[in-house]
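# A closer look at the structure
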Amino acid sequence: MAITLVNPNGLPEIDAYRQVSIATGSKLVFIAGQVAWDVDGVTVGEGDLAAQVEQCYLNIGTALAAVGASFDDVAKLTVYVVDWTPDKMPLLMQGLGRAAAKLGVTATPPASLLGVAALDVPDHLVEIEATAVID
């Protein structure tokens, strides 16, 4: 594996992600922001943040597999949530947990979560981008 995830001493330990990723691979993989579209471009989970988060992660898993990678190779995630408020965190974690169970992974790379006013399609509540490193 090209990625080692670390929680350094002196930084808080966060359950949802690790504070640092160390990349030793030779190829960078940049995955465009994934939204809650299925393979036919139909929005999954309209109005349901947890369902949309789950679909985003499943789409990232599909993109990773297409280039011979997995969530073990992800160095960083960026999550954009429409009208973010902290009370939405349980729904975000529920969607992540369901996707991780389906994919058989523990997705804990460093992550940034940003609240945004809107995304490109009004029905989309979340968009997630990934950067991976592979050998």
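This write-up is about the structure you can find in this document. What you are looking at is a predicted structure, and each value in this text was computed from that prediction instead of being measured.

Cut-offs used in this document
- Residues numbered from 1 in each chain as written.
- Predicted model: local features only at pLDDT ≥ 70, side-chain atom pairs only at ≥ 80, totals over all residues.
- Heavy atoms only, no water.
- Core = buried A, V, L, I, M, F, W, Y, C linked by side-chain atoms within 4.5 Å.
- Buried < 20%, exposed > 50% of the residue type's maximum accessible area, 1.4 Å probe, protein only.
- Helix = DSSP H or I, 4+ residues; strand = E, 2+ residues; numbered from the N terminus.
- Axes fitted to C-alpha atoms, helices over the stretch in contact; angles between N-to-C directions.
- Parallel < 35°, antiparallel > 145°, perpendicular 65-115°, else oblique.
- Left-handed = near helix turned anticlockwise from the far one by under 90°.
- Contact = heavy atoms within 4.5 Å.
- Nonpolar A, V, L, I, M, F, W, Y, C, P; charged D, E, K, R; others polar.

### Notes on the nonpolar core
Formed by 24 residues in total, the largest nonpolar core has its most connected members in Tyr57, Ile60, Leu64, Val126 and Ile128. Counting residues per element, the ones that place at least two in this core are β3 (27-34), α1 (49-66), β4 (74-82), α2 (89-103) and β6 (126-134). With seven residues, the top contributor of residues to this core is α1.

### Concerning unusual backbone geometry
One non-glycine residue, Asp83, adopts positive backbone phi at about 50°. Relative to the helices and strands, Asp83 is located in the loop between β4 and α2.

### Notes on the packing of α1 against α2
Angle between the axes and distance between the axes: these two values describe a pair of packed helices. The N-to-C vectors of α1 and α2 enclose an angle of 40°; their axes lie 7 Å apart at closest approach. Put simply, α1 runs oblique to α2. Crossing handedness for the pair α1 and α2: right-handed. Residue-level contacts link Leu49, Ala50, Ala51, Val53, Glu54, Tyr57 and Leu58 of α1 to Leu91, Leu92, Gln94, Gly95, Leu96, Arg98, Ala99, Lys102 and Leu103 of α2. Of the residues contributing to the contact of α1 with α2, the split by class is eleven nonpolar, two polar and three charged.

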